[in-house]
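# Analysis of the macromolecular model
Chain residues, written in single-letter form:
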Amino acid sequence: MTVVVRTPAAAPAPMRVKRRFLRCRPASQLSRTMGRCILTPMANLAWGKPPTKKAKVLQKQPLVAKLAAYAQYQATLQNQAKTKAAVPVEGFSWGNYINSNSFTAAPVTCFKHAPMGTCWGDIAEGVRVEVPNTDCSLPTKVFWIAGIVKLAGYNALLRYEGFENDSSLDFWCNICGSDIHPVGWCATSGKPLVPPRTIQHKYTNWKAFLVKRLTGAKTLPPDFSQKVSESMQYPFKTSMRVEVVDKTHLCRTRVAVVESVIGGRLRLVYEESEDKTDDFWCHMYSPLIHHIGWSRSIGHRFKRSDITKKQDGHFDAPPHLFMKVKEVDAAGEWFKEGMKLEAIDPLNLSAICVATIRKVLADGYLMIGIDGSEAADGSDWFCYHATSPSIFPVGFCEINMIELTPPRGYAKLPFKWFDYLRETDSIAAPVKLFNKEVPNHGFHVGMKLEAVDLMEPRLVCVATVTRIIHRLLRIHFDGWEEEYDQWVDCESPDLYPVGWCQLTGYQLQPPAPQSSRDSQSSSSKQKKKAKSQQYKGHKKMTSLQLKEELLDGEEYNFLQGASDQESNGSASYYIKQEP
């Protein structure tokens, strides 16, 4: 039997959201706008399919290979066949993965660079939406109302209205998908609302049921899909020319051309690559890309292209498209060549190492080398801005109970900064010159996300936050050993919410299967034996006070930082300068 429910024709127009952040509308305001709600029997419709691309899991090369900074060296096809085994990922589901393990995902609001990251609003459990009804026998697509039971990034676990505590037909979907709509969309679009077959017998007056259930509830803003679309428009276009780090010589940049843009991630092809296989992946907000002329303006090394003039159709990306760094005042006390510090090794992102400032460039940029492993020609120096969250003052690792990697070949273990500075006749970079801001990032230990493997940046993988040191996150790639972990800043554009790959059409690398885990475990045993001889970090539970001569006449009290502390407040930083 078909029941046609009529409401007054002159329904009020849906409310417009005028505030900056999207707000969910009370569904009670929408129940009056349903128009004709056609309630009929049902059928099974296709819903919630993952991207049709068959992604592949590529086994990671051992860290001893020292892949280039934030990149992988372009291997030959023969080497790829030897070191990387393709594994199909059909069957991996974020929903099943989260449900079966009771995982929690980082909220979308943690990722300001991701679609909807700054306008997610108060979308939460209990919000109602209109979705396709898969529990029906009709030949056409019909819809029903569902409520969010659980959120995991962009993905939501939905339950059809009327199922109460029955979870038998719960399903996961991407809340930003094209088939998710605010309550009232069916009425304005002329689409039928059909109760699921399983519960069709429960009520005779479905309109009264819906009005009662939706009174006081929230739904998506009317312009939600428009906001999603707008947040997925990217200013970088194909054929734009940029300067990007040379993945084979970290100390210099090269010209590259944007070959493709996926979800804000750029596939850049170095301009001299005739077959377009010499490429580099990064996000459009990456600190590794710059406008044409940037290297010359700050005194950075630059590899001139053999191509004397631009190829047809190629054009320079406008400077305003690139991320701006904070202005610094280098007129007073500033970084100097030879100063020591601690830095994330761009060739091994799981390690924070003893490092030296090798050159001071303009506009606050520094060339840094890792002590004990630098190339004679300085080709592995790398460029960090003075405000970079990847460089730290002397003593940072000890205070925060992080293993500091000493210089290669340094025999006086355990490593002590005081002795090392005296032996090398060096001084530590002043603490006050480092970035002390700690944003309220919202991450917690154990949260799931999708993260770029920065050693092979074409890969976006299933990952977990395992440590939080103020704004520094330890990212673990599920299924891989800890030696593949990477230290990443909380605002890194290489971290994404669960469901980002499905939303943007990017390929997601799921956790490594058991066969890959066994092979990586056996291959790492030799390295673990060698690593066991290395200094594992001198962990102190009391505050560390560096002596006056260590910091070149200035005394600082380094407060003990709580390891794994989920510190989000900008007021609590890990270092305090004594007056």
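Quick caveat: nothing in here was measured; it's all calculated off a predicted structure. Sequence order as written defines residue numbering, which begins from 1 separately in each chain. Under the rules for a predicted model, residues below a pLDDT of 70 receive no local features and side-chain atom pairs below 80 are neither given nor counted, while totals for whole chains, interfaces and linings still include all residues. With hydrogens and water set aside, each side-chain value is computed from the structure's full complement of heavy atoms.

## Quick word on the overall build of the protein
Strands are runs of DSSP state E lasting at least two residues, helices are runs of H or I lasting at least four, and both sets are numbered from the N terminus onward. Each helix and strand in the protein was counted, giving ten helices and 32 strands. When a residue's accessible area, from a 1.4 Å probe over protein chains only, is under 20% of the maximum for its type it is buried; when over 50% it is exposed; and in between it is partly exposed. By the burial criterion, 52% of the 579 residues in the protein qualify as buried. Working rule for contacts: check all heavy atoms of both residues, and any pair within 4.5 Å makes them a contact. A separation of at least 24 residues holds for 68% of the contacts in the protein among residues at least 6 apart in sequence.

## Regarding the packing of aromatic side chains
Note on aromatic pairs: the rings of Phe, Tyr and Trp (six-membered ring only in Trp) are paired at centre separations within 6.5 Å, and the planes decide the class, stacked below 30 degrees, edge-to-face beyond 60, tilted for the rest. One pass over the structure, following the stated rule, counts 29 aromatic pairs. Centre to centre, the rings of Trp 281 and Tyr 506 are 5.7 Å apart; their planes meet at 85°, and the pair counts as edge-to-face. One end of the pair, Trp 281, is in strand β15 (residues 279-283); the other, Tyr 506, is in the loop between α9 (500-504) and β30 (508-509), with 225 residues separating them in the sequence. Both residues of the pair, Trp 281 and Tyr 506, belong to the buried class. Residue placement shows Arg 254 over the ring face of Tyr 270; its charged tip is 4.0 Å from the ring centre. Ring-over charges, as used throughout, are those where CZ of Arg or NZ of Lys falls within 6 Å of the ring centre and within 35 degrees of the ring normal.

## So, the nonpolar core
Of all hydrophobic cores here, the largest spans 116 residues; its most connected members are Ile 352 and Ile 475. Beyond its immediate sequence surroundings of up to four residues, Ile 475 is in contact with Leu 449, Ala 451, Ala 463, Thr 464, Val 465, Asp 485, Gln 486, Val 488 and Leu 495. Core analysis: the second largest hydrophobic core is formed by 19 residues, Val 242, Val 245, Cys 282 and Met 284 among them. By nonpolar core is meant a set of buried Ala, Val, Leu, Ile, Met, Phe, Trp, Tyr and Cys residues that side-chain atoms within 4.5 Å join together.

## Observations concerning the confidence of the model for the protein
Any segment with low pLDDT has predicted coordinates that should not be analysed in fine detail. Residues of the protein with pLDDT of at least 70 account for 72%, and the chain-wide mean is 79. Per-residue confidence from the predictor is given as pLDDT, running between 0 and 100. Throughout residues 1-89 the model reports pLDDT below 50, and contacts reaching past four residues in sequence, or to other chains, amount to 243 contacts. Contacts from residues 524-579, a stretch scored under 50 in pLDDT, to residues over four places away or in other chains number 116 contacts.

## Focus on the pattern of salt bridges
Whenever a carboxyl oxygen of Asp or Glu lies within 4 Å of a side-chain nitrogen of Lys or Arg, that contact is scored as a salt bridge. Counted under the stated rule, the structure contains 30 salt bridges. With a shortest N-O distance of 3.6 Å, Glu 272 and Lys 303 are connected by a salt bridge. Within this pair, whereas Glu 272 is found in the loop between β14 (265-270) and β15, its partner Lys 303 is found in the loop between β17 (301-302) and β18 (315-316), the two being separated by 31 residues in sequence. If you follow the salt bridges from partner to partner, you end up with Asp 246, Lys 247, Arg 252, Arg 254, Glu 272, Asp 278 and Lys 303 in one network.

## Section: the side chain of Glu 130
Mapped onto the elements of the fold, Glu 130 is located in strand β7 (residues 128-132). Using a relative accessible area of 1% as the deciding quantity, one classes Glu 130 as buried. Engagement of the side chain of Glu 130 in a polar contact is seen with the backbone nitrogen of Trp 185, the distance being 3.3 Å. At a separation of 2.7 Å, a polar atom in the side chain of Glu 130 contacts the main-chain amide nitrogen of Cys 186. Beyond its immediate sequence surroundings of up to four residues, Glu 130 is in contact with Trp 144, Ile 145, Asp 179, Ile 180, His 181, Pro 182, Val 183, Gly 184, Trp 185, Cys 186 and Leu 193. For the purposes of these results, a polar contact is taken to be a pair of N or O atoms within 3.5 Å, where, inside protein, one atom must be able to donate a hydrogen and its partner to accept one; residues adjacent in sequence count only when each atom of the pair is a side-chain atom.

## A few points about the pairing of strand β20 (residues 348-360)
Here β20 lies mainly inside the structure; ten of its 13 residues are buried. Any two strands are treated as partners once DSSP identifies two or more bridges connecting them. Of the pairings in the sheet, the one linking strand β19 (residues 340-345) to β20 comprises six bridges and is antiparallel in character. The residue bridging Lys 340 from the neighbouring strand is Thr 356, located in β20. Across two bridges, β20 lies against strand β24 (residues 404-405) in parallel orientation. Of the residues in β24, the one forming a bridge with Cys 353 is Thr 405. With five bridges connecting them, β20 and strand β21 (residues 365-370) associate as antiparallel partners. Counterpart to Ile 357 in the pairing with β21 is Ile 368. What sits between the antiparallel neighbours β20 and β21 is a turn of four residues, in which Asp 363 has the positive phi angle 60°.

## Considerations on the environment of Leu 250
When you line up the elements, Leu 250 lands in strand β13 (residues 249-262). Through-space distance from the C-alpha of Leu 250 to that of Ser 379 is 6.1 Å; in sequence the pair is 129 residues apart.

## Quick word on the pairing of β21
A large share of β21 lies buried, amounting to six of its six residues. Residues Tyr 365, Met 367 and Gly 369 of β21 are buried on one face, and the alternating residues Leu 366, Ile 368 and Ile 370, pointing to the opposite face, are buried as well. Of the pairings in the sheet, the one linking β21 to strand β22 (residues 382-385) comprises four bridges and is antiparallel in character. Among the inter-strand pairings, Leu 366 is bridged to a residue of β22, identified as Tyr 384.

## A look at helix α4 (residues 206-214)
Of all the residues in α4, the buried ones are Trp 206, Phe 209, Leu 210 and Leu 214. Axial view of α4: buried residues confined to an arc of 110°, hence all on one face. The residue sitting at the N-terminus of α4 and contributing the capping side-chain oxygen is Asn 205; that oxygen lies 3.4 Å from the backbone nitrogen of Lys 207. Phi for Gly 216, located one or two positions after α4, is positive at around 85°. Picture the helix axis, draw a direction to every C-beta atom, and the arc is the one those directions span.

## Looking at unusual backbone geometry
A cis geometry characterises the amide bond from Leu 413 onward to Pro 414, with omega recorded as 0°. Residues other than glycine seldom take positive phi values, yet Ser 239 does so here, at roughly 80°. Position of Ser 239 relative to the elements: it lies in the loop between α5 (224-231) and β12 (240-246). Within the chain, Lys 276 stands out as a residue other than glycine whose phi angle is a positive 60°. Tracing the chain through its elements places Lys 276 in the loop between β14 and β15.

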